[in-house]
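Below are the chains, spelled out letter by letter.
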Amino acid sequence: MPYRTEGVAIDAPVRILLITSRETRRWVIPKGNIPGGLSPHAAAAEEAEEEAGVCGSVCPTPLGSYQYRKRRGNGASLMVHVDVFPLAVSRELDRWKESHERERRWFTLADAAEAVEEEDLRDLIRSFAASEFKAITQRAGMFATMGRKSRMGDMFAWFQRLLPNKGNFFELFEAHAVTIVAGADALSRVLQNGSDSRDHIREVIEREHDADDIIREILKEVRQTFLTPFDRSAIISLIGAMDDAIDEMQATVGAIDLYEVGSFEPEMRDMAAIIVDSARLVAEAMPLLRDVARNGKRLHELTERVVRMEGHADDIYGAGVKKAFKEDGPKDPLRFSVKREIYKHLERIVDALEDVANEIDGIVIDHA
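Reading the values: rules and limits
- Residues numbered from 1 in each chain as written.
- Predicted model: local features only at pLDDT ≥ 70, side-chain atom pairs only at ≥ 80, totals over all residues.
- Heavy atoms only, no water.
- UniProt positions renumbered as here; feature names shortened; annotations may be inferred.
- Helix = DSSP H or I, 4+ residues; strand = E, 2+ residues; numbered from the N terminus.
- Buried < 20%, exposed > 50% of the residue type's maximum accessible area, 1.4 Å probe, protein only.
- Areas by Shrake-Rupley, 256 points an atom, 1.4 Å probe, with all protein chains shown as cover.
- Core = buried A, V, L, I, M, F, W, Y, C linked by side-chain atoms within 4.5 Å.
- Contact = heavy atoms within 4.5 Å.
- Pairing = 2+ DSSP bridges.
- Expected span 1.5 Å × (residues − 1).
- Polar contact = N/O pair within 3.5 Å; in protein donor to acceptor, adjacent residues only side chain to side chain.

The name an unreviewed UniProt entry assigns to the protein chain is DUF47 family protein, from the organism Stakelama saccharophila. For the protein chain, the Sequence similarities (unreviewed entry) comment in UniProt is given as "Belongs to the UPF0111 family."

Listed below in structure tokens is the structure:
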């Protein structure tokens, strides 16, 4: 499922790319059979390039699955099972293999869900970055809502002004999440482009500096604010885990730059894709913290997926290090050491994002 975000804001709209099928001309996502020797997500990325002319980071952990009936040339109509992998699009090709056979178009989430025929696929698209949850987080505070419903807004307004300052923690959480998403995207481009990566490395470093400024502001708010939305230790633990993620992104590109690494293993790119998708989920979770009680179910869905992807990343990490040792360990220990260090940095990023998910779960347990 190719997607892109329109801008870097926390509530920036998400677009889904759909293509037309060759025979019925209905709107579908790129898909196909898995060739021998390819993993499912790699096959999905290959199909996206051939059918839709897009490239990017494809997350190895499927978003979900759906089924549909496909008519064969002999007239049989057979059920096909489709695993759906999120693909963060970084490049659109002007020409591609099936450009003369299909139309491609970017849709909003709501329009994409309406355009496809398969009900389960509709649900997957709607759940990708559900707009209704973002809408919930934009509502007014409790007293403003009560005043509007009772038509006594002016009476509540003076009372609300008497409350001690609660700080702007949510805005800062969301701003930090933006740096994580942008840093993850830039890191993914480093691993895709290899030697042509100077600007992407610089962007990761700049995003980490932006995150440092936000951390300082949050710690200042914690010291100066009378009422905080959560326990002070929970705020510090949450933002600390978020900052660990962007710090490790900077450490990763620092190692890449130091050792002048110009080519990357498929397992490294897979881990980077998991980082991109995990960062996206963390960014979606941040606005929902404005009303934990109401958004607890969705928050748990997001954190559960981050934790599941972290487990998948552990498997990829183990397979990648083992492969690197077999290829380089005996004959080129220095090359193996460099590869292992890159893998370790990538694993630490994923671990930090899992820590963010765990901190969010703790807040949900305490406040939902």
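Trainee: Can you walk me through the overall build of the protein chain in this structure?
Mentor: The helix and strand tally for the protein chain stands at 12 helices and 8 strands. Looking at the protein chain as a whole, 49% of its 368 residues qualify as buried. In the structure as shown, the protein chain presents an accessible area of about 18,200 Å², 49% of it carried by carbon and sulfur atoms.

Trainee: Honestly, the nonpolar core in this entry has me stumped. Any pointers?
Mentor: Within soluble globular proteins, side chains that are nonpolar generally end up buried alongside one another. Counting residues in each nonpolar core, the largest one holds 97 residues, and the members touching the most others are Phe173 and Leu289. Here this core gets 14 residues from one element, more than from any other, and that element is helix 12 (residues 333-367). The contact partners of leucine 289, leaving out residues within four places of it in the chain, are Phe170, Phe173, Phe230, Leu238, Leu299, Ile360 and Ile363.

Trainee: Explain the pairing of strand 7 (residues 87-92) here, please?
Mentor: Sheet topology note: the strand 1 (residues 2-5)/strand 7 ladder contains 2 bridges and is parallel. Along strand 7, the bridge assignment pairs proline 2 with leucine 87. As paired strands, strand 4 (residues 54-58) and strand 7 are joined by 5 bridges and run antiparallel to one another. Bridge pairing in strand 7 places serine 57 opposite alanine 88.

Trainee: Can you walk me through helix 1 (residues 40-52) in this structure?
Mentor: Given 3.6 residues per helical turn, the α-helix brings residues three or four places apart onto the same face. Taking 1.5 Å of rise per residue, 13 residues should cover 18 Å, and helix 1 covers 17 Å from first to last C-alpha, within 8% of that figure. Listing the buried residues of helix 1 in full gives His41, Ala43, Ala45, Glu47, Ala48, Glu51 and Ala52. Considering only its buried residues, helix 1 is in contact with strand 2 (14-20), strand 4, strand 7, strand 8 (104-108) and helix 10 (266-288). Downstream of helix 1 by one or two residues, glycine 53 has phi in the positive range, about 70 degrees.

Trainee: Explain the environment of glutamate 206 to me, please; I cannot follow it from the model alone.
Mentor: Checked against the element boundaries, glutamate 206 lands in helix 8 (residues 198-224). A residue is classified by how much of its surface remains accessible, and glutamate 206, at 37% relative accessible area, is partly exposed. For the pair glutamate 206 and threonine 179, spaced 27 residues apart in the sequence, the C-alpha separation amounts to 9.2 Å.

Trainee: For this particular structure, what's the right way to read the side chain of threonine 61?
Mentor: As for its placement among the helices and strands, threonine 61 is situated in the loop between strand 4 and strand 5 (64-71). Take threonine 61: its relative accessible area is 2%, and that puts it in the buried class. Here the side chain of threonine 61 touches histidine 312 through a polar contact of 2.9 Å, side chain to side chain. Beyond its immediate sequence surroundings of up to four residues, threonine 61 is in contact with Phe85, Pro86, Ile274, Arg305, Arg308, Met309 and His312.

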